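Results of the structural survey
Each chain, written out:
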Amino acid sequence: MQFHGYQDLRSKLLSHELTCEQVISDYLQRIDTHRDDNIFTAVFHDAAMARARELDAKLQRGETPGRLFGMPIAIKDNISMKGAPLGCASRILQGYESVYDATAIIRMEAEDAIFVGRTNMDEFAMGSSNENSAIGPVPNPFDKTRVPGGSSGGSAAAVANDLAMVALGSDTGGSVRQPAGFCNIVGLKPTYGRISRYGLVAFASSFDQIGLLAANCDDAALVLGVIAGKDEHDATSSHHDVPEYDTTMDHVSLEGLRIGVPRAFFPESLNTDVAGVVKAGLKKLEDAGAELVAIDLPESDYAIAAYYILVTAEASSNLARFDGARYGYRSPDSPDLSSMYVNSRTEGFGAEVKRRIMLGTYVLSAGYYDTYYKKAQQVRRVFQDRYREAFEKVDVIFGPTSPFPPFGIGDKMDNPLEMYLADVFTVPASIVGMPAISVPVGMDSLSLPVGVHLICNFFEEGKMLGIARHLQTLCQAVPSN
Ligand code: GLN
């Protein structure tokens, strides 16, 4: 079974051409054939089938189907679902089950979505390749020797292999957008505060957002409309009205659209293949009537440094709660309280998580706070000012999602700094809190996916999705050779 997006599936369900049971059983079978790919940390065979039958009965009774009726959805392993394991792909959460539902889960469930399973990720969402996972890497759907990106690598591979129609991920500095780019799908990070973080395990709270991975912009928009909006459980969630995203998208025209092209997003070092495909996408937007505006974002070089200081600082504090006393794993070698803390954390956390806790503790320590943490906060403010200024001149900011195509499994594991550079183009939107999206635009010379990254002003998800949909259509219409 294959569908042209959710509306196709929905019309087949509502016209009784197919049942939810048939659809879900098909998805679950496909998930099973991909078992060796390590994409899921848990598959809900029984619960998903039971839910499908329940929804079929609901339709039979003539009740109104919800907005996500029968949509098969995968959830990243750091978003709480009551009664399901919550592991963050970490040994330290081994055996832990969520005791409550994330707000996003409650809202999707209320609209009749069906959850098929939980997806693999970099431990605590720290990484760009899904290799920092206690349960091992995930192969890229286009070349099994390469990474799918990260940290939401399992969610991206699930959608790209059609094992779920939409997946939830989390994005702190690019973790939805970069894997979407590597797996040839759409990845959306909303404005900070647009989606409640209640139930999302915190990595860096002032950056974290739940994001969406989907095959197309319409499906992403539909789910965003369901889960966005104020939530009394998350004080940082926004009161801003949730618009009808499909209507907003329909009104977006490329004619006269001002596309900001920062020089800093096309450095000499940019992979030439990536540059070629991305620029071809830009040309198509221009041919369709958009106006290209060269802009300067001279501070871009400081994005990675500021990001890694700020997020490690927040992570060192957020991850203090995993101490062997309250959740999951406790070292069997715990003769006294302090060795229980030390040994549980030493054995429970992986290398990258430990590196970040140490780095974060260091930048917050007396004597270094002013030099590093405070400076990075000041850089964050400068970025916010520069991006606000830029959006006085342009409607959208355009660039590549990643500076290079999907890389080989193992290639960057010994070089954390090189791994951090994978996020050089995605991190700025997270620093400023603006919405951003990765759109598939074509393949490089090795037939590996290339993504374009678009940033819009605060709460302009509808407009951004509309532009992204135009771009995706233009790039599909003409073969990339
Ligand atoms: N790759 C980035 C990091 O390791 C982004 C992670 C994320 O967005 N969760 O921090």
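Provided above is the structure to which this section pertains.
What you are looking at is a predicted structure, and each value in this text was computed from that prediction instead of being measured. (Residues numbered from 1 in each chain as written. Predicted model: local features only at pLDDT ≥ 70, side-chain atom pairs only at ≥ 80, totals over all residues. Heavy atoms only, no water.)

What follows is about the overall build of the chain. Helices and strands together make up the secondary structure of the chain, namely 16 helices and 11 strands. In terms of overall dimensions, the chain has C-alpha extents of about 65 × 55 × 45 Å along its principal axes. Relative to its 481 residues, the chain shows a buried fraction of 60%. In the chain, the share of contacts with a sequence separation of at least 24, taken over all contacts with a separation of at least 6, comes to 75%. Carbon and sulfur atoms make up 51% of the accessible area of the chain, which amounts to about 18600 Å² in all. Measuring between centres, the 43 positive side-chain charges of the chain sit 4 Å from its 60 negative side-chain charges. (Helix = DSSP H or I, 4+ residues; strand = E, 2+ residues; numbered from the N terminus. Buried < 20%, exposed > 50% of the residue type's maximum accessible area, 1.4 Å probe, protein only. Contact = heavy atoms within 4.5 Å. Areas by Shrake-Rupley, 256 points an atom, 1.4 Å probe, with all protein chains shown as cover. Lys, Arg positive; Asp, Glu negative; His and termini not counted. Charge placed at Lys NZ, Arg CZ, Asp CG, Glu CD.)

The full set close to the ligand counts 15 residues, and T172, G173, S175, Y307 and R356 are the nearest of them. One of the backbone N or O atoms of T172 is found 2.7 Å from an oxygen atom in the ligand. R356 places a polar side-chain atom, nitrogen or oxygen, 2.7 Å from an oxygen atom of the ligand. Protein chains bury 100% of the 290 Å² of accessible surface belonging to the ligand in isolation. Here the shell around the ligand is built from residues that sort into 5 nonpolar, 7 polar and 3 charged. (Near = heavy atom within 4 Å. Polar contact = N/O pair within 3.5 Å; in protein donor to acceptor, adjacent residues only side chain to side chain. Nonpolar A, V, L, I, M, F, W, Y, C, P; charged D, E, K, R; others polar.)

One broad rule of soluble globular proteins: the nonpolar side chains tend to lie buried together. M108, F124, L168, I227, Y387, I397 and F398 are the most contacted members of the largest nonpolar core, which totals 150 residues. It is helix 10 (residues 303–318) that provides the largest number of residues to this core, a total of 10 residues. If we skip the residues at most four places from it in the chain, Y387 touches F265, L297, I397, P428, V432, M434 and I455. Membership of the second largest hydrophobic core comes to 6 residues, among which are V147, F404, M419 and A422. (Core = buried A, V, L, I, M, F, W, Y, C linked by side-chain atoms within 4.5 Å.)

A surface patch of nonpolar side chains, about 280 Å² in accessible area, is lined by L337, Y341 and V342. Note that V342 resides in helix 11 (residues 337–348). (Patch = residues over 30% accessible without salt bridge, like charges linked within 9 Å, V, L, I, M, F, W, Y side chains within 5 Å. Salt bridge = Lys/Arg side-chain N within 4 Å of Asp/Glu carboxyl O.)

Turning to empty space enclosed by the protein, a few remarks are in order. Inspection of the entire model under this criterion finds 3 cavities of 30 Å³ or more. If you go around the largest cavity, you meet 13 residues; those closest to its centre are A125, G127, S175, Y307 and D423. Considered class by class, the residues forming the lining of the largest cavity number 4 nonpolar, 7 polar and 2 charged. In this structure, the second largest cavity spans a volume of roughly 50 Å³. As for the second largest cavity, its lining consists of G181, F182, V274, T401, S402, F404, P405, P449, V450 and G451. Within the residue set of the lining of the second largest cavity, elements represented by two or more residues are helix 6 (177–182) and strand 11 (449–455). When residues in the lining of the second largest cavity are grouped by element, the largest group, 3 residues, is from strand 11. A breakdown of the residues in the lining of the second largest cavity according to their chemical character gives 6 nonpolar, 4 polar and no charged. (1 Å grid on protein atoms, 1.4 Å probe; cavity = no way out; pocket = protein on both sides within 12 Å on 5 of 7 lines; lining within 4 Å. Points joined across faces, edges and corners; volume = space filled by probe spheres on them.)

Where helix 12 (residues 351–364) meets helix 13 (residues 369–393), the closest approach of the two axes is 7 Å, and the angle between their N-to-C directions is 105 degrees. As the angle between them shows, helix 12 and helix 13 are arranged roughly perpendicular. Together, Y362, V363 and L364 of helix 12 and Y369, Y372 and Y373 of helix 13 make up the contact between the two elements. By residue class, the composition of the contact of helix 12 with helix 13 is 6 nonpolar, no polar and no charged. (Axes fitted to C-alpha atoms, helices over the stretch in contact; angles between N-to-C directions. Parallel < 35°, antiparallel > 145°, perpendicular 65-115°, else oblique.)

Overall, the coordinates contain 16 aromatic pairs when judged by the stated rule. Centroid distance F322 to Y327: 5.4 Å. Interplanar angle 50 degrees. Geometry classified as tilted. According to the relative accessible area criterion, F322 is buried, its value standing at 5%. Between Y362 and Y372, the ring centres sit 5.9 Å apart and the planes meet at 45 degrees, which makes this aromatic pair tilted. A residue pair is termed long-range when its members are at least 10 positions apart, and Y362 in helix 12 and Y372 in helix 13 qualify at 10 residues. Lying over the aromatic face of Y27, R30 brings its terminal NZ or CZ to 4.7 Å of the ring centre. A cation sits over an aromatic face here: K412 above F407, 5.1 Å from the ring centre. (Phe/Tyr/Trp six-rings, centres within 6.5 Å; stacked < 30°, edge-to-face > 60°. Lys NZ or Arg CZ within 6 Å of the ring centre and 35° of its normal.)

Residue placement: R197 occurs in the loop between strand 5 (186–189) and strand 6 (209–214). Residue classification places R197 among the buried positions, given a relative accessible area of 15%. Excluding its chain neighbours within four sequence positions, the residues that come into contact with R197 are Y192, S205, D208, Q209, D234 and T236.

Once that is clear, we can look at the environment of H251. As for its position among the elements, H251 is in the loop between helix 8 (245–250) and strand 7 (258–262). On the basis of relative accessibility, which here comes to 65%, the residue H251 falls in the exposed class. Placed 78 residues apart in sequence, H251 and G173 show a C-alpha to C-alpha distance of 30 Å.

Most of helix 5 (residues 153–160) is tucked away, with 7 of its 8 residues classed as buried. Considered for burial, the residues of helix 5 that qualify are G153, G154, S155, A156, A157, A158 and V159. The inward-facing, buried residues of helix 5 abut strand 1 (40–43), strand 2 (72–76), strand 3 (114–119), strand 4 (166–171), helix 6 and strand 6. Phi for D162, located one or two positions after helix 5, is positive at around 55 degrees.

That's the geometry; what it means functionally is another story.
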